[in-house]
Number of protein chains: 2
Amino acid sequence: MRKATLEEVASAAGVSKMTASRALRGTTDVSPETRAKVLQAAKQLSYVANRLALSMSAQRTKLVAVVVPSMSNIVFPEVMAGISAGLEGSGMQAVFGISDYDVDKEREVIRDMLSWQPSAIIVTGLDQPEDTRRMLKDADIPVIQIMDLDGEPVDHCVGLSQGGAGEDMARALIAAGRRRFGYIGSALNRDTRAEKRRRGFERVLDQHGLRFAAKHIDPGSSSIVLGKRLTMEMVKASAGLDCIYYSNDDMAAGGLFACMELGVSVPDEILIAGFNGLELAHALPVKIATSESSRREIGEIAARLVREATSGEGRSSKTVAFKPQIFGLPTT
Amino acid sequence: MRKATLEEVASAAGVSKMTASRALRGTTDVSPETRAKVLQAAKQLSYVANRLALSMSAQRTKLVAVVVPSMSNIVFPEVMAGISAGLEGSGMQAVFGISDYDVDKEREVIRDMLSWQPSAIIVTGLDQPEDTRRMLKDADIPVIQIMDLDGEPVDHCVGLSQGGAGEDMARALIAAGRRRFGYIGSALNRDTRAEKRRRGFERVLDQHGLRFAAKHIDPGSSSIVLGKRLTMEMVKASAGLDCIYYSNDDMAAGGLFACMELGVSVPDEILIAGFNGLELAHALPVKIATSESSRREIGEIAARLVREATSGEGRSSKTVAFKPQIFGLPTT
DNA sequence: TTGAAAGCGCTAACAA
DNA sequence: TTGTTAGCGCTTTCAA
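Looking at an unreviewed UniProt entry, chain A carries the name LacI family DNA-binding transcriptional regulator, with the source organism given as Neorhizobium turbinariae.

Below you can see the structure in the form of structure tokens.
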């Protein structure tokens, strides 16, 4: 059976297209018998309205474009879940695109998303190159940049200072008495937010006359297994480390597992610190330090900003700042 | 700046809409100067083609609708990543919807997706109620059901036998010498695939004259923390268990962490078995048993089936079966 | 309460 | 090589 159109429903019901449209939407007065006939015909034909036509006609869609860098750990799926939940009941629908931490791909994905004429767009981070920023501005819809605060937003913004998160963690670890630091990360040339955290961390080390005694940045993508492997290598190669800072919690969890297998006591001998505040980090049998990245909440707030901005309430650009809290430090 | 239309680009370049269209797409011959003028005008105006209009005109979209039940663990994001990767280069774009393991919500999400006139639709599982199945059939596009094989596909299907996975795991654990089994799961009334695994497991237990000595099914959603809490309770309450089967790897990892904190030796005293073959399961310092669910591959194959079906190659319904392999059993 | 016409932005088909 | 016409499925006007 070919897809039924409104026209077909109308003729099956013996009325005009317009009457069928009105009956289906229930906006205007339609006589009860007519409405019944139309609904019956629609059901009979498995009629599903064509949103393409609807949006064309209305000159606007109910779409919210969302561009995230990755789906390979739980971080961005949680952001997306927050956005979906926050949009619920608004009639708006999120559409997702993945940029793979690649600026060129990101630009193409954004262009692609914009071609669907979304009502708003949510993108990850503030570090888009100028041409991408221009495209976002020229789209003439609300733009919400999420997760980061370190930079100049195109329009609205909700996130946390990534550099600040690195600084805070460094201060906390130094206050906890650690002095011989290692760093383990991955693909930092592409993940600009992890890079900002690392730089923030190093700024504070520097202020204290300290530096990373060992540093390993792998070109691969972040994962538990990678964190484990790099930690095995680092612990064997660099004796005397009392703390390792990781690019995120996945890597850090791998680090913990490496220490457990090597019989290195955590946190007594080595303190493990990550970033994100994943559920995993809270469930581990040995605590690792981590900063909460409030992913779900950021998604929900981004959705709220979209709703406000598209309902016309206030055209001014808003910024919502989260202050990442640190968990899992040993209580001395 | 309002969004520019082709019309505006054309008039800015001093040509007709059609010429502008041709210059932009590069399909037909356009004189070099004209093309240059048009491209220049398009760039100047930040022109982004309107896909709504394009799809309307072409009577078809390049969209593939994907409906998954959840985003709260890494399983479905990995499926989605596989689909996105598999679609790369085809010009097709995946659009995702979340059903929250709710059949009513699933029906509405599917209806919503269909209203965008996608070229194909991928849905999770085979257990849709009859009205949803009817809607899928009547959509008159390729339908791919993923993850499960136990049931009657609407059209194409790629997955693994969930009941069989449960059976296989039970056989393997019995072969490993275990006899006193516990079961820990969550929300099984909604996650029909986890329920199928549990039933498969119980069928084999039954064949061996065994049964679960303890069983706890929590109404909450699956998580590491929940698995940990339920395991703490079960281990304390039911002495003598030598194996616990979990609804998935998240719950099982929580179970392992509980055992570690309680000083229960894994796998000597209690063998922990989950499902999915998550990266986490492979990185843990103590191995847990798990069956590989080939999520990413299933996503990629689903994408391949979409490409084949939409390119018209063969209208026959295909089924691709995965045989889940078991990892992490203690080698005796 | 119902219907007819026009138009949303684009492209396929035909014409010049 | 370029332009004109018609139409994709729907809703918003305007009329009956």
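Engineer: So what exactly am I meant to see when it comes to the overall build of chain A here?
Structural biologist: Tallying secondary structure elements over chain A gives 13 helices and twelve strands in all. Compactness check: chain A gives a C-alpha radius of gyration of 26 Å against a globular reference of 20 Å for 332 residues, more than 25% above the reference. Principal-axis analysis of the C-alpha atoms places the extent of chain A at approximately 85 × 40 × 35 Å. Across the 332 residues of chain A, 57% fall into the buried class. Within chain A, contacts between residues separated by at least 24 positions form 67% of all contacts whose residues are at least 6 apart in sequence. Summed over its atoms, the accessible surface of chain A is roughly 13700 Å², and 50% of this surface lies on carbon and sulfur atoms. Here chain A contributes 41 positively and 41 negatively charged side chains, and the mean placements of these two sets differ by 4 Å.

Engineer: Looking at this structure, I do not really get the relation of the copies chain A and chain B. What am I missing?
Structural biologist: Mapping one chain copy onto the other needs a rotation about an axis and a shift along that axis. Laying chain A over chain B is done by rotating through 180° and shifting 0.1 Å along the axis; what remains is an RMSD of 0.1 Å. Accordingly, the operation relating the two chain copies is best matched by a two-fold axis. The fraction of interface residues of chain A whose copies in chain B are also interface residues reaches 100%, indicating that both copies meet through the same surface.

Engineer: So what exactly am I meant to see when it comes to the pairing of strand β5 (residues 156–160) of chain A here?
Structural biologist: Within a regular beta strand, the side chains point alternately toward one face of the sheet and then the other, so they alternate between its two faces. Residues and elements named next belong to chain A. Burial within β5 is extensive, with five of its five residues counted as buried. Neither face of β5 is exposed, since H156, V158 and L160 on one face and C157 and G159 on the opposite face are all buried. Where strand β4 (residues 143–148) and β5 come together, five bridges link them in parallel fashion. The partner of I144 across the bridge, within β5, is H156.

Engineer: I'm lost on the interface of chain A and chain B in this one. Help?
Structural biologist: Size of an interface: often given as the accessible area lost when the parts come together. Across the contact, 57 residues belong to chain A and 57 residues belong to chain B. Buried surface at the junction of chain A and chain B, summed over both partners, amounts to about 5000 Å²; 61% is from carbon and sulfur atoms. With its nearest N and O atoms 3.1 Å apart, the salt bridge here joins E88 of chain B to K105 of chain A. Summed over the shared surface of chain A and chain B, the result is 18 residue pairs in polar contact (both at pLDDT 80 or more).

Engineer: I'm lost on the protein's contact with DNA strand C in this one. Help?
Structural biologist: Near DNA strand C there are 24 residues, and of these T19, R22 and Q59 of chain A together with L6 and Y47 of chain B occur at the shortest range. Each atom of DNA strand C within 4 Å of the protein belongs either to a base or to sugar and phosphate, the latter forming 64%. Here a base oxygen of DNA strand C and a backbone polar atom of M56 of chain A are 3.5 Å apart. A53 of chain B places a main-chain nitrogen or oxygen 3.2 Å from a base nitrogen of DNA strand C. Listing elements by their share of the surface near DNA strand C, those giving two or more residues are α2 (17–25) and α4 (51–58) of chain A together with α1 (6–13), α2 (17–25) and α4 (51–58) of chain B. Top element by residues in the surface near DNA strand C is α2 of chain B. It accounts for four residues. Looking at the surface near DNA strand C residue by residue, the classes come out as nine nonpolar, ten polar and five charged.

Engineer: Explain the packing of aromatic side chains here, please?
Structural biologist: For any pair of aromatic rings, geometry is given as the distance between the ring centres together with the angle between the planes. Residue and element names in this part refer to chain A. Enumeration over the complete set of coordinates arrives at eleven aromatic pairs over all chains. The interplanar angle of 45° and the centroid separation of 5.4 Å between the aromatic rings of Y183 and F212 together place this pair among those described as tilted. In this pair, Y183 sits in strand β6 (residues 181–186) while F212 sits in the loop between α9 (192–207) and β7 (214–218), placing the two residues 29 residues apart along the sequence. Judged by its relative accessible area of 6%, F212 is buried.

Engineer: I'm lost on the sheet that holds strand β9 (residues 271–273) of chain A in this one. Help?
Structural biologist: Sheet strands pair by backbone hydrogen bonding; their relative direction is either parallel or antiparallel. Residue and element names in this part refer to chain A. Spatially, the four strands line up as an open sheet ordered β7-β6-β8-β9, and their pairing is parallel. Edge positions in the sheet fall to β7 and β9, since each has one partner strand and no second. Ignoring strand direction, the axes of neighbouring strands in this sheet form an average angle of 15°. Pairing of β6 with β7 involves five bridges; the strand directions are parallel. Following the sheet pairing, S186 is matched in β7 by D218. The strands touched by helix α11 (residues 249–262) are β6, β8 (243–246) and β9; relative to β9, the strand with the most contacts, the crossing angle is about 160°.

Calculation rules
Residues numbered from 1 in each chain as written. Chains lettered and ligands numbered in written order. Predicted model: local features only at pLDDT ≥ 70, side-chain atom pairs only at ≥ 80, totals over all residues. Heavy atoms only, no water. Helix = DSSP H or I, 4+ residues; strand = E, 2+ residues; numbered from the N terminus. Rg over C-alpha atoms; globule rule 2.2 N^0.38 Å. Buried < 20%, exposed > 50% of the residue type's maximum accessible area, 1.4 Å probe, protein only. Contact = heavy atoms within 4.5 Å. Areas by Shrake-Rupley, 256 points an atom, 1.4 Å probe, with all protein chains shown as cover. Lys, Arg positive; Asp, Glu negative; His and termini not counted. Charge placed at Lys NZ, Arg CZ, Asp CG, Glu CD. Least-squares fit on C-alpha atoms with pLDDT ≥ 70 in both. Pairing = 2+ DSSP bridges. Buried area = accessible area lost by both parts, 1.4 Å probe. Salt bridge = Lys/Arg side-chain N within 4 Å of Asp/Glu carboxyl O. Polar contact = N/O pair within 3.5 Å; in protein donor to acceptor, adjacent residues only side chain to side chain. Near = heavy atom within 4 Å. Nonpolar A, V, L, I, M, F, W, Y, C, P; charged D, E, K, R; others polar. Phe/Tyr/Trp six-rings, centres within 6.5 Å; stacked < 30°, edge-to-face > 60°. Axes fitted to C-alpha atoms, helices over the stretch in contact; angles between N-to-C directions.

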